[in-house]
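Tertiary structure, described
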There are 2 protein chains.
Amino acid sequence: MQMIEKLLDGSKIACARLISKIENESEGYVDILKTIYKHTGNAYVIGVTGPPGAGKSTLTDKLVKHLRKEDKKIGIIAIDPTSPFTMGAILGDRIRMSDLNTDKGVFIRSMGARGHLGGLSKATQGAIKVLDAYGCDYIFVETVGVGQSEVDIVKTADTTVMVMVPGLGDDIQAIKAGVMEIGDVFVVNKADNDHAKRTRLELQMMLDFKKDWDFKPPVSMAIASEDEGIDELLKNIKSHREYQLNNDILMKKRIERNKIEIREMIHRYIEKLIANHEDASYIDELLLKSASKEIDPYSISEEIVKNILNK
Amino acid sequence: MQMIEKLLDGSKIACARLISKIENESEGYVDILKTIYKHTGNAYVIGVTGPPGAGKSTLTDKLVKHLRKEDKKIGIIAIDPTSPFTMGAILGDRIRMSDLNTDKGVFIRSMGARGHLGGLSKATQGAIKVLDAYGCDYIFVETVGVGQSEVDIVKTADTTVMVMVPGLGDDIQAIKAGVMEIGDVFVVNKADNDHAKRTRLELQMMLDFKKDWDFKPPVSMAIASEDEGIDELLKNIKSHREYQLNNDILMKKRIERNKIEIREMIHRYIEKLIANHEDASYIDELLLKSASKEIDPYSISEEIVKNILNK
């Protein structure tokens, strides 16, 4: 396909269009994914997560600028959560990133959780593949750490940066163990805040609690807005990368990512089978019967599955 | 089943156990759902959503106390979002609700987004059904409005209360249209805050923007912690209920809820079919091949679907 050749040739427009095709499940999108797959595997995926207002966008922005000095090609996928409350603020952050938008070596894409036929995480995995084939050395996936699918996405990153913010975690009780499960590298942003050191200390104590780390997550400090602490954070990310390369972990992670993608593709196939089911009106009839308690929804689902399998 | 008889007889312990069985997909959980289904349909489901810190728990708490004066039986499902950041705070809120915990007419259940085999929303729908059969007049489903599945759940409520908080929406740009799509009834909590009136005004302006409301969401003020404004909010909820009863909307909503449940049940069946697939090692082999680019994940999913359908 011409568009894919253009993508492999480094066309930003082709890149944007292919991502849209996959997002919207336009005709032939599976063929696109199949064709570009052999051109993927070079990009390193960095997840950036943390509570709203932690400065994830600014931090990503600075990390990208540092990597651009090394002449690396960068992709950024910013995931807007479903929430009508935080969506505004995050989109706002995106606009501040405008100086990166004009950088030919940086591709930025926003993704909303809503309106994706096949789910956010499938669309994001697809976009990662396209950016990988496009030739990105690093792909940043930025998301607030709320919502099941959002966390799932970040968990599939090669390295996940957990951005913490002082004050929020003043009470150690408020930071749950879940943070530890997700973060590979921690950074306390807004380190000029009085509580920053305490937050770092608490984080470290929390991490000390687990003794058998293979790679103990480093905790650094940063003031992203002042470009402070970015080098150290980048060094930590790279040492996590080294560790994984030396221990065959990256390959396993990528197989895991493929697994997730496969599962979601299968679900989409099944959904389409149901949607294309010739007895759609029959299902509507069953639903009406469920309203009057003549049949229950669980028996209906069994019946639908049976019908699909017998085709 | 004895347990179901106990549930219908009003046993709180049976209620808790049955919800757990459904949550964990213990053996026979589908039969439980099938059996209790004909005993459901009497409870009115109220979704309570809003940003973290808006005071949703306190507000729910007060609403429940007012309804208890009417001698209504109440179920509360508190959904802890996946986020490791907010989880702490919300669990904290739950503990404050301890005086309701000792009320025989109130059943409280916390649900975490993680660790549910079949997804949060399926587990929640199941819990709603059990509480309905248990005899609850009202079921509150409380969740922060972030994350795809969380919003999906709230959208299936009979009435969704959107709890807003002053300040957060000071900039009208920050409140996205999405809020309007979800909320049936709005309340500005913490109304003793200086910005409260402005927030209400902005909300009303936003709602005025759409001209063709069938039921224009009322906006009221409350100070939940002081038990102020609860009567008015309850009045608004009840008038939304009346409106829906008089316009045959409730039945449609419940069919919609069944639809969602059916879709998720089907996905679970399919997942189980994949998991029980005798060629599991064959899939592992394919995954390894995908790592070395011999095959792509999309062709693998097609193959798995084909295999399942051919069984």
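On a predicted model such as this, the values are computed, not experimentally measured, just so you know.

Before going further, it helps to spend a moment on the overall build of chain A. Check the secondary structure of chain A and you find 14 helices and 7 strands. A buried classification covers 47% of the 311 residues belonging to chain A. The contacts in chain A between residues at least 6 apart in sequence include a share of 75% that link residues at least 24 apart.

Quick look at the environment of Ser26(A) now. Residue and element names in this part refer to chain A. Relative to the elements of secondary structure, Ser26 occurs in the loop between helix 2 (12-23) and helix 3 (29-37). Under the C-beta neighbour-count criterion, Ser26 is labelled exposed, with 12 such atoms within 10 Å. Considered as a pair, Ser26 and Lys56 are 30 residues apart in the sequence and their alpha carbons are 32 Å apart.

We now examine the confidence of the model for chain A. Residues and elements named next belong to chain A. Mean pLDDT over chain A: 82, with 82% of residues reaching 70 or higher. Predicted confidence in chain A is weakest over helix 5 (residues 87-96), with a mean pLDDT of 44, and strongest over helix 11 (residues 230-246), with 97. Considering only residues more than four positions removed or in separate chains, one finds that residues 82-96, a stretch of pLDDT under 50, has 39 contacts. Confidence estimates for the predicted assembly give a pTM of 0.73 and an ipTM of 0.78.

Of the positions making up helix 3 of chain A, those classed as buried are Ile32(A), Leu33(A), Ile36(A) and Tyr37(A). Within helix 3 of chain A, the buried residues cover an arc of 125° as seen down the axis, which keeps them to one side. Residues of helix 3 of chain A that are buried in the fold lie against helix 1 (2-8), helix 2 and helix 7 (120-134) of chain A together with helix 14 (297-309) of chain B.

The phi torsion at Asp71(B) lies on the positive side, around 65°, for a residue other than glycine. With respect to the element layout, Asp71(B) can be found in the loop between helix 4 (56-69) and strand 2 (74-80).

Attention now goes to the packing of helix 14 (residues 297-309) of chain A against helix 12 (residues 249-275) of chain B. Contact geometry for helix 14 of chain A and helix 12 of chain B: axes closest at 9 Å, N-to-C directions at 50°. Viewed along their axes, helix 14 of chain A and helix 12 of chain B adopt a mutual orientation that is oblique. As helix 14 of chain A runs across helix 12 of chain B, the sense of the crossing is right-handed. The residues of helix 12 of chain B that touch helix 14 of chain A, namely those facing Pro297(A), Tyr298(A), Ile300(A), Ser301(A), Ile304(A) and Val305(A), are Asn258(B), Glu261(B), Ile262(B), Met265(B), Ile266(B) and Tyr269(B). Class assignment for the residues of the contact of helix 14 of chain A with helix 12 of chain B results in 9 nonpolar, 2 polar and 1 charged.

Membership of the largest hydrophobic core comes to 147 residues, with the highest contact counts inside it found for Val130(A), Leu131(A), Ile139(A), Val130(B), Leu131(B) and Ile139(B). Once you skip the residues sitting within four places of it in the chain, Ile139(A) turns out to touch Ala43(A), Val45(A), Gly75(A), Ile77(A), Ile128(A), Leu131(A) and Asp132(A).

Another aspect to go through is the pairing of strand 1 (residues 44-50) of chain A. Residue and element names in this part refer to chain A. With 7 of its 7 residues buried, strand 1 lies for the most part within the structure. The two faces of strand 1 match: Tyr44, Ile46, Val48 and Gly50 on one face and Val45, Gly47 and Thr49 on the other face are all buried. As paired elements, strand 1 and strand 5 (residues 159-164) share 4 bridges and run parallel to each other. By the bridge assignment for strand 5, Gly47 is matched with Thr160.

Residue and element names in this part refer to chain B. With respect to the helices, strands and loops of the structure, Glu25 is situated in the loop between helix 2 (12-23) and helix 3 (29-37). According to the C-beta neighbour criterion, Glu25 is partly exposed, with 17 such atoms within 10 Å. Taking the C-alpha atoms as reference points, Glu25 and Ala123, separated by 98 residues in sequence, lie 9.0 Å from one another.

Residues and elements named next belong to chain B. Side chains Val185 and Val187 of strand 6 (residues 185-188) all project onto a buried face; the interleaved residues Phe186 and Val188 project onto the opposite face, where all are buried too. Of the pairings in the sheet, the one linking strand 5 (residues 159-164) to strand 6 comprises 4 bridges and is parallel in character. Across the sheet, residue Val163 finds its bridge partner in strand 6, namely Val187. Sheet topology note: the strand 6/strand 7 (residues 219-221) ladder contains 3 bridges and is parallel. Looking at the pairing, Val188 lines up with Met221 of strand 7.

Once that is clear, we can look at helix 10 (residues 196-209) of chain A. Within an α-helix, residues lying three or four positions from one another point in the same direction, as the helix has 3.6 residues per turn. All names here are of chain A. Between its terminal C-alpha atoms helix 10 stretches 20 Å, which fits the 20 Å expected from 14 residues at 1.5 Å a residue. Among the residues making up helix 10, those that are buried are Ala196, Thr199, Arg200, Glu202 and Leu203. The buried residues of helix 10 occupy one face: seen down the axis, they fall within an arc of 160°. Of the exposed residues in helix 10, the ones pointing more than 90 degrees away from its buried face are Met205, Asp208 and Phe209. At its buried positions, helix 10 is contacted by strand 5, strand 6 (185-188) and strand 7 (219-221).

To continue, consider the environment of Asp137(A). Mapped onto the elements of the fold, Asp137(A) is located in the loop between helix 7 and strand 4 (138-144). Between the C-alpha atoms of Asp137(A) and Tyr44(A), which are 93 residues apart in sequence, the distance is 6.1 Å.

Thresholds, definitions, all that
Residues numbered from 1 in each chain as written. Chains lettered and ligands numbered in written order. Predicted model: local features only at pLDDT ≥ 70, side-chain atom pairs only at ≥ 80, totals over all residues. Helix = DSSP H or I, 4+ residues; strand = E, 2+ residues; numbered from the N terminus. Buried ≥ 20, exposed ≤ 12 C-beta atoms within 10 Å, placed from the backbone. Contact = placed C-beta atoms within 7 Å. pLDDT = per-residue confidence, 0-100. Arc of directions from axis to C-beta. Axes fitted to C-alpha atoms, helices over the stretch in contact; angles between N-to-C directions. Parallel < 35°, antiparallel > 145°, perpendicular 65-115°, else oblique. Left-handed = near helix turned anticlockwise from the far one by under 90°. Nonpolar A, V, L, I, M, F, W, Y, C, P; charged D, E, K, R; others polar. Core = buried A, V, L, I, M, F, W, Y, C linked by C-beta atoms within 7 Å. Pairing = 2+ DSSP bridges. Expected span 1.5 Å × (residues − 1).

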